[in-house]
Amino acid sequence: NFLDVYSLIHVNDLSSLNEIKKNLNLFLWNQTDLPDYLPIVENDITDNRYTPLQNLDSIDKFSINMEYGINSIAYLFKPINDNGDLVIYHQGHRGDFIEGVDTIQFFLEKNYSVVSFSMPLLGMNSQPIMDSPEFGRVKLQSHNQLELLEKQDFKPIKFFVEPIVVTLNYIDIHYDFDSIHMVGISGGGWTTVLASALDDRINQSFSVAGSYPMFIRNEPKNFGDYEQHNLELYEKASYLDLYVMGSIGSDRKFVQIFNKFDPCCFDGDLFISYEQEVKNIVNKMGNGYFEIYLDDTHNEHIISDYGLEIIINEITS
């Protein structure tokens with residue numbers, strides 16, 4: 001049962017990379033570039049849930065308002081002692097990014113600014129009611145329902161990555177970070193894959209328990225949600241293409257971490273079936289970095305202490 005993994009990778013030089021990126025932008029936003037609008041920003045807000053955080057100077061709130069009443073609320077946690085770098089933290093389907101407060105604290109303590117996001121329809125994000133001629137009134141509560149919004153010229157997958165792009169538009173103008181890193185767990189790890197492939201303002205990205213390519217998703221638990229197997233999207237760019245795209249560029253790297261004993265998904269070491277091929281393509285293109293780590297220190301669906309050490313070592317190496 002031999003599979004030619006290279007046949008699933010369509011990015012092999014800058015020209016093919018730019019072409020695929022353009023096609024992805026057209027698919028998501030009906031334009032060849034990323035969206036250029038800005039979020040609504042409230043500076044120095046109070047949220048008592050985060051009062052216990054150490055080395056926290058202030059919180060800015062970003063509101064990204066999109067179609068169908070769907071929004072995204074992000075918090076920028078600014079440290080008292082600031083090392084000049086930004087970490088984007090993206091929480092998975094477990095809920096609000098308060099679930100990742102230990103990860104946020106980890107980076108704050110190391111003097112990083114941290115901007116945190118939740119998945120669409122979760123956490124502080126809206127759960128609007130849509131009136132559909134086909135389905136009637138539907139309250140949107142689960143990301144799998146976003147499929148109901150699919151139209152020829154409208155792709156709800158964009159709701160997962162647009163908030164990050166729009167927030168970076170603002171950060172571009174108002175901040176001067178030396179480097180921007182992205183860390184995501186689970187669905188947030190999936191979002192990290194797509195966002196870093198599309199937006200090269202993200203220098204180093206770390207997807208934890210985020211995705212496998214389709215050909216190794218043999219168990220039902222690994223098949224994933226609507227956004228994980230959207231046929232139209234992965235016809236434009238395979239998972240392996242996205243991994244390469246997130247890796248390529250000066251001062252760019254893309255790192256996957258898998259939990260060996262993960263009870264949710266993407267457990268084990270099936271990644272060995274594609275790891276070397278992706279590395280070879282990235283090395284051939286000559287400007288970028290791709291790495292995979294296996295975390296066998298626990299049996300949870302989390303970013304472990306060991307996972308965080310891997311990430312900080314990669315960021316500072």
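Up top is the structure.
Everything numeric here is computed off the predicted structure, so don't read it as measured data.

### Points about the overall build of the protein
Scanning the protein from N- to C-terminus turns up nine helices and 11 strands. For 317 residues, the compact-globule formula gives about 20 Å, and the C-alpha radius of gyration of the protein, at 19 Å, lands near that figure. Counting only C-alpha atoms, the protein reaches 55 × 55 × 40 Å along its principal axes. Taking all 317 residues of the protein together, the buried fraction comes to 59%. Counting contacts in the protein only where the partners sit at least 6 residues apart, residues at least 24 apart contribute 70% of the total. If you sum the accessible surface of the protein, you get close to 13,100 Å²; carbon and sulfur atoms cover 47% of it. Side chains of the protein carry 21 positive and 47 negative charges; the gap between the two charge centres is 4 Å.

### Points about the side chain of asparagine 55
By the secondary structure assignment, asparagine 55 is in the loop between strand 1 (40-42) and strand 2 (56-65). Reaching out from asparagine 55, the side chain makes a polar contact with the backbone nitrogen of asparagine 81 at a distance of 3.0 Å. Side chain to side chain, asparagine 55 and asparagine 111 meet in a polar contact 3.0 Å long. Not counting residues up to four positions away in its chain, the partners in contact with asparagine 55 are Lys78, Pro79, Ile80, Asn81, Leu108 and Asn111.

### Let's talk about the nonpolar core
Membership of the largest hydrophobic core comes to 73 residues, with the highest contact counts inside it found for Ile88, Leu242, Tyr243, Val244, Tyr274 and Val278. When residues in this core are grouped by element, the largest group, nine residues, is from helix 3 (residues 158-174). Look past the residues within four positions of isoleucine 88 in its chain and what remains in contact with it is Val115, Phe117, Ile164, Leu168, Ile180, His181, Met182, Val183 and Ile202. Counting residues in hydrophobic clusters, the runner-up holds 30 residues, among them Ile59, Ile73, Val255 and Ile303.

### Observations concerning the packing of helix 2 (residues 101-109) against helix 9 (residues 305-316)
The geometry of helix 2 relative to helix 9 is characterised by a closest axis approach of 12 Å and an angle of 35° between their N-to-C directions. Our pair here, helix 2 against helix 9, has a crossing hand that is right-handed. Within the contact between the two elements, helix 2 uses Thr103, Phe106 and Phe107 and helix 9 uses Leu308, Glu309, Ile311, Ile312 and Ile315.

### Considering the state of the cysteines
Evaluation of the coordinates by the stated rule reveals one disulfide. One disulfide bridge connects cysteine 264 with cysteine 265, the sulfur atoms lying 2.3 Å from each other. Residues cysteine 264 and cysteine 265 share a disulfide whose torsion about the S-S bond is about 75°; that sign makes it right-handed. Taking the relative accessible area as the measure of exposure, cysteine 264 reaches 29% and is therefore partly exposed. For cysteine 265, a relative accessible area of 6% puts it in the buried group.

### Some points on the packing of helix 3 against helix 4 (residues 187-198)
Axis separation between helix 3 and helix 4 bottoms out at 10 Å; the angle between their running directions is 55°. Comparing their axes, helix 4 and helix 3 come out oblique. Viewed along their axes, helix 3 and helix 4 form a crossing whose handedness is right-handed. Each of Phe160, Val161 and Ile164 in helix 3 lies in contact with helix 4, whose residues at this interface are Trp190, Thr191, Leu194, Ala195 and Leu198. Taken together, the residues of the contact of helix 3 with helix 4 break down into seven nonpolar, one polar and no charged.

### Quick look at the environment of valine 115
Relative to the assigned elements, valine 115 resides in strand 5 (residues 113-117). Assessed through its relative accessible area of 1%, valine 115 is described here as buried. Note: C-alpha distance between valine 115 and lysine 78 (37 residues apart in sequence) is 8.5 Å. Setting aside anything within four residues of it in sequence, one finds valine 115 in contact with Ala74, Tyr75, Leu76, Leu86, Val87, Ile88, Tyr89 and Thr167.

### Thoughts on helix 8 (residues 275-285)
Considered for burial, the residues of helix 8 that qualify are Glu275, Glu277, Val278, Lys279, Ile281, Val282 and Met285. The secondary structure elements touched by the buried residues of helix 8 are helix 1 (14-29), helix 7 (239-247) and strand 11 (290-295). Glycine 286 sits one or two residues past helix 8 and shows a positive phi near 85°.

Here is what the cut-offs are and how they apply
Residues numbered from 1 in each chain as written. Predicted model: local features only at pLDDT ≥ 70, side-chain atom pairs only at ≥ 80, totals over all residues. Heavy atoms only, no water. Helix = DSSP H or I, 4+ residues; strand = E, 2+ residues; numbered from the N terminus. Rg over C-alpha atoms; globule rule 2.2 N^0.38 Å. Buried < 20%, exposed > 50% of the residue type's maximum accessible area, 1.4 Å probe, protein only. Contact = heavy atoms within 4.5 Å. Areas by Shrake-Rupley, 256 points an atom, 1.4 Å probe, with all protein chains shown as cover. Lys, Arg positive; Asp, Glu negative; His and termini not counted. Charge placed at Lys NZ, Arg CZ, Asp CG, Glu CD. Polar contact = N/O pair within 3.5 Å; in protein donor to acceptor, adjacent residues only side chain to side chain. Core = buried A, V, L, I, M, F, W, Y, C linked by side-chain atoms within 4.5 Å. Axes fitted to C-alpha atoms, helices over the stretch in contact; angles between N-to-C directions. Left-handed = near helix turned anticlockwise from the far one by under 90°. Disulfide = S-S within 2.5 Å. Parallel < 35°, antiparallel > 145°, perpendicular 65-115°, else oblique. Nonpolar A, V, L, I, M, F, W, Y, C, P; charged D, E, K, R; others polar.

These results come straight from atomic positions and should not be treated as a statement about function.
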